[in-house]
Amino acid sequence: MGRYYQPEIECASVETLKKMQDERLVKQVRHVWENVPYYREKMDQKGVTPEDIKGTEDLHKLPFLTKEDLRLAYPYGLMGKPLKDCVRIQSTSGTTGKRVVAFYTQHDIDLWEDCCARAIVAAGGTDEDVCQVSYGYGLFTGGPGLNGGSHKVGCLTIPTSSGNTERQIMFIQDLQSTILCCTPSYAAYLGETMKEMGLTPDQIPLKAGIFGAEAWSEEMRQDIQNTLGIKAYDIYGLTELSGPGVSFECSEQTGMHINEDHFIAEIIDPNTGEVLPEGTKGELVFTSLTKEAFPLLRYRTRDICVLSRKKCSCGRTFIKMAKPMGRSDDMLIIRGVNVFPSQIEAVLINSGYPANYQIIVDRVKNSDTLDVQVEMTPEMFTDNMGEIKKRQSALEAGMRSMLGISAKVVLVAPKTIARSEGKAVRVIDKRKI
Ligand code: DLL
């Protein structure tokens, strides 16, 4: 049994949800056709008109939208509403090319905050809770999204934003924060710092965490849960689709329910674009059903994932997505082999190391090199070279069996790898520079 923010929708029958999606899709396609010339042209090129879309079974007829389209249409080319009807923008940092700038009407913000409120309630949040939002505020969607959701639930909201770790811990203790919202890497860092301060999990008032914005492994979840003495819930989203709250985890902690009244999810083969059946791994594609200002149809996220409609013990009927395994553009191709940072992380955590690592890829004499720098904890620190070599070899063997290629592991002293207050920087690929 779980608690819900909007039970009539979160627990609606699959048939009701499907009907809602059918109706909303037809309306959204018409909205886009009439108001977004860029999209209309793409539909024309594919020979599809609004009349061809009668429901979700016709979704595959629509063209995909990619990050490249967002770049070409930057900044106003995909807007579904006049600027005067918009009240906010949010944006991503975008490591390559232009930033993504997303627009919101007041209605868009309202629905986005509902999605975040659903996530907080699914993590056990009520109006009795003190919710510390340590995601960055500003153009990044994490802070504003969870802040809005926390207000809707009626939690006492502490908008600390990210950074200033000592002050974060002071607020957690002094104001008795019960829910923490931040990136998983920052949660791990907060846990590490609290441990150093001599705080044990029973001295920390937190009971739940809502962590997302980057890939994190099941092993990392266990680690954070143990250090902070909390239940750690995953939350997923992207700026293009409003921000956090596209999907969220429930008490079962086995994947995230997609808010299907607002988004349709598909899994496609990233190479061919073919729609794959439920349960197959592929690229996640979303269609936004209710967004007015920045409506995206069949947007390719580049996140690699699996969907499942298996009945969930929490009572929600929304389809679930597994933890994304990484992005197709995060995936490293090293000596022809596909490698995800999450695989490297799993080896480390399974061997008792914290998730403080950096992957360095380079090309030497036309051959790719893969180096993994791994930080030792203060407890495991030693300067005995023989011992260090032994541990490095053990990790290298683990990497070889997980990845199928060899990696060079270098153990480094505690606190050598820079901590992140937002999304962690895991990979330095020198080949691209
Ligand atoms: O990261 C929105 C967000 C904020 C989600 C706070 C959750 C919490 P962007 O900066 O646009 O938006 O980055 C979106 O981050 O395509 C995924 O690759 C990755 N991502 C987001 N959440 C998760 C997650 C926000 N729970 C991109 N697990 C997405 C794995 C995630 N990857």
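Each remark here, short or long, concerns the structure printed above.
Residues numbered from 1 in each chain as written. Predicted model: local features only at pLDDT ≥ 70, side-chain atom pairs only at ≥ 80, totals over all residues. Heavy atoms only, no water.

Caption draft 1: Region of the structure containing helix H9 (residues 218–228). Of all the residues in H9, the buried ones are Met 220, Arg 221, Ile 224, Gln 225 and Leu 228. End-on, the buried residues of H9 take up no more than an arc of 135 degrees, which puts them together on one face. Where H9 is buried, its residues touch strand S5 (179–182), helix H8 (184–196), strand S6 (208–212), strand S7 (231–238), strand S8 (243–249) and helix H10 (341–350). Looking at the residues trailing H9, positive phi occurs at Gly 229, about 65 degrees. (Buried < 20%, exposed > 50% of the residue type's maximum accessible area, 1.4 Å probe, protein only. Helix = DSSP H or I, 4+ residues; strand = E, 2+ residues; numbered from the N terminus. Arc of directions from axis to C-beta. Contact = heavy atoms within 4.5 Å.)

Caption draft 2: Focus on the site of the ligand. Near the ligand there are 21 residues, and of these Asp 234, Ile 235, Thr 239, Asp 303 and Arg 327 occur at the shortest range. In this structure, Ile 235 approaches the ligand through a main-chain N or O atom, which is 2.7 Å from a nitrogen atom. Lys 423 is positioned such that a nitrogen or oxygen atom in its side chain is 2.9 Å from an oxygen atom of the ligand. Relative to its unbound accessible surface of 610 Å², the ligand loses 93% to contact with the protein. The element best represented in the shell around the ligand is S7, accounting for five residues. Split by residue class, the shell around the ligand holds nine nonpolar, six polar and six charged. (Near = heavy atom within 4 Å. Polar contact = N/O pair within 3.5 Å; in protein donor to acceptor, adjacent residues only side chain to side chain. Areas by Shrake-Rupley, 256 points an atom, 1.4 Å probe, with all protein chains shown as cover. Nonpolar A, V, L, I, M, F, W, Y, C, P; charged D, E, K, R; others polar.)

Caption draft 3: Seen up close, the packing of helix H2 (residues 14–35) against helix H3 (residues 37–46). Two numbers describe how H2 lies on H3: the axes approach to 6 Å, and their chain directions differ by 105 degrees. Judged by the inter-axis angle, H2 sits roughly perpendicular to H3. Every residue of H3 that contacts H2 at Val 29, Val 32, Trp 33 and Asn 35 is listed here: Pro 37, Tyr 39, Arg 40, Met 43 and Asp 44. Along the lines of polarity and charge, the residues of the contact of H2 with H3 split into six nonpolar, one polar and two charged. (Axes fitted to C-alpha atoms, helices over the stretch in contact; angles between N-to-C directions. Parallel < 35°, antiparallel > 145°, perpendicular 65-115°, else oblique.)

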